[in-house]
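Descriptive structure summary
Each chain is listed here by its residues.
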Amino acid sequence: MALALPAWRHLAAVTAASGWGYQVYYDDIERVSALAKDDRSNLYVTQEYRNGNGTLLKLPADGSVFQVMQGLSKPDGLLAYRGGIAISQEGGNLPVLWMHADKTTSLLIGQGVEQLASDGRYLYAIEDQASGRLLRFDPHSGKTVILRDGLNEAEAITACPDGRLFYAEKKRGWVKRLNEDGVDETVWSGLNEPGYLLCTEEGLWASEDATHMARLLLLDNTGTEHVVLGHLRSPQTLLRVAPRHYLLAEQGRDRILELNRS
């Protein structure tokens, strides 16, 4: 019996909430982590290897795969940004890169940067450290401002369509709203290692970066929590591709899931 439970946790199939369906969108992408689509609807995917072994892949709609960048260290964040793609690296004191117009430039330097977000004006980056920071980069002045520090493994940051900003601290299992007065409000707690956030018209989404029994959760606009997918293994980025249509990187199974609401 002692061996049965771990085996069940490892092999249990993904479950979906009523009204939601999923299928495998792309399989066999080792260490799949971050997802983003450019303004031509090309899908970009990172492989989160350490020590300069990480890659950025391009997956056109025809099913082909192209490696467009290598030499990355734990690329864990992608964002469609100012006509290009911004790329974070968690593997040390490394630049956030911006790939655009057939060139790549550095935007800011961070220590263990994970998720990226933008409110249409600024770029936000959050550091996964024992005492991490939330950074704001101004593309017009080139300056970086520290908005928060002393965060405990803060992996996730998201900007809502109405401009609100939320961030998560993984070890504390909570999500907070960033407030201008410096007193941030806890809006969600009791999560199991929240590693990614996304804010849409449906509410606030969170994926749990746990090895087994992880969930994809939705906190809707009434404040009700929904377990949309269960029995996931290390889910990472959730990408909205159309209303009620999402892609989810499931790193623990080396695949991307397609999620639809009926």
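The present account deals with the structure reproduced in this document.

This paragraph deals with the sheet that holds strand β11 (residues 113-118). Spatially, the four strands line up as an open sheet ordered β11-β12-β13-β14, and their pairing is antiparallel. If you trace the sheet from one side to the other, it starts and ends with β11 and β14 (144-151), each paired once. With strand direction ignored, the average angle separating the axes of adjacent strands in the sheet is 15 degrees. Direction of pairing for strand β12 (residues 123-127) relative to strand β13 (residues 132-137): antiparallel, over a ladder of four bridges. Paired with Ile126 across the two strands is Leu134, which belongs to β13.

Here Gln89 lies in the loop between β8 (84-88) and β9 (93-100). With 17 residues separating them along the chain, Gln89 and Leu72 place their C-alpha atoms 6.9 Å apart. Not counting residues within four places of it along the chain, the set of residues in contact with Gln89 comprises Gly71, Leu72, Ser73, Lys74, Pro75, Leu94, Pro95, Leu97, Gly112 and Val113. At a separation of 3.0 Å, a polar atom in the side chain of Gln89 contacts the main-chain amide nitrogen of Ser73.

Attention now goes to the state of the cysteines. All chains considered together, the criterion is met by one disulfide. One disulfide bridge connects Cys160 with Cys199, the sulfur atoms lying 2.1 Å from each other. Given an S-S torsion of about 95 degrees, the disulfide between Cys160 and Cys199 has right-handed geometry. Here Cys199 lies in strand β19 (residues 194-200) and Cys160 lies in the loop between β15 (156-159) and β16 (165-169), a separation of 39 residues in the sequence.

Time to look at the pattern of salt bridges. Within the structure shown, the criterion is met by 15 salt bridges. Here Glu155 ties to Lys170 by a salt bridge, and the two come within 3.2 Å at their closest N and O atoms. A residue pair is termed long-range when its members are at least 10 positions apart, and Glu155 in the loop between β14 and β15 and Lys170 in the loop between β16 and β17 (174-177) qualify at 15 residues. Note on Lys170: relative accessible area 11%, which makes it buried. Residue Asp209 pairs with Lys170 through a salt bridge whose shortest N-O separation is 3.3 Å. Remark: Lys170 occurs in the loop between β16 and β17 and Asp209 occurs in the loop between β20 (203-208) and β21 (214-220); sequence separation between them is 39 residues.

Calculation criteria
- Residues numbered from 1 in each chain as written.
- Predicted model: local features only at pLDDT ≥ 70, side-chain atom pairs only at ≥ 80, totals over all residues.
- Heavy atoms only, no water.
- Pairing = 2+ DSSP bridges.
- Helix = DSSP H or I, 4+ residues; strand = E, 2+ residues; numbered from the N terminus.
- Axes fitted to C-alpha atoms, helices over the stretch in contact; angles between N-to-C directions.
- Contact = heavy atoms within 4.5 Å.
- Polar contact = N/O pair within 3.5 Å; in protein donor to acceptor, adjacent residues only side chain to side chain.
- Disulfide = S-S within 2.5 Å.
- Salt bridge = Lys/Arg side-chain N within 4 Å of Asp/Glu carboxyl O.
- Buried < 20%, exposed > 50% of the residue type's maximum accessible area, 1.4 Å probe, protein only.

All quantities given are derived from atomic positions and should not be read as evidence of function.
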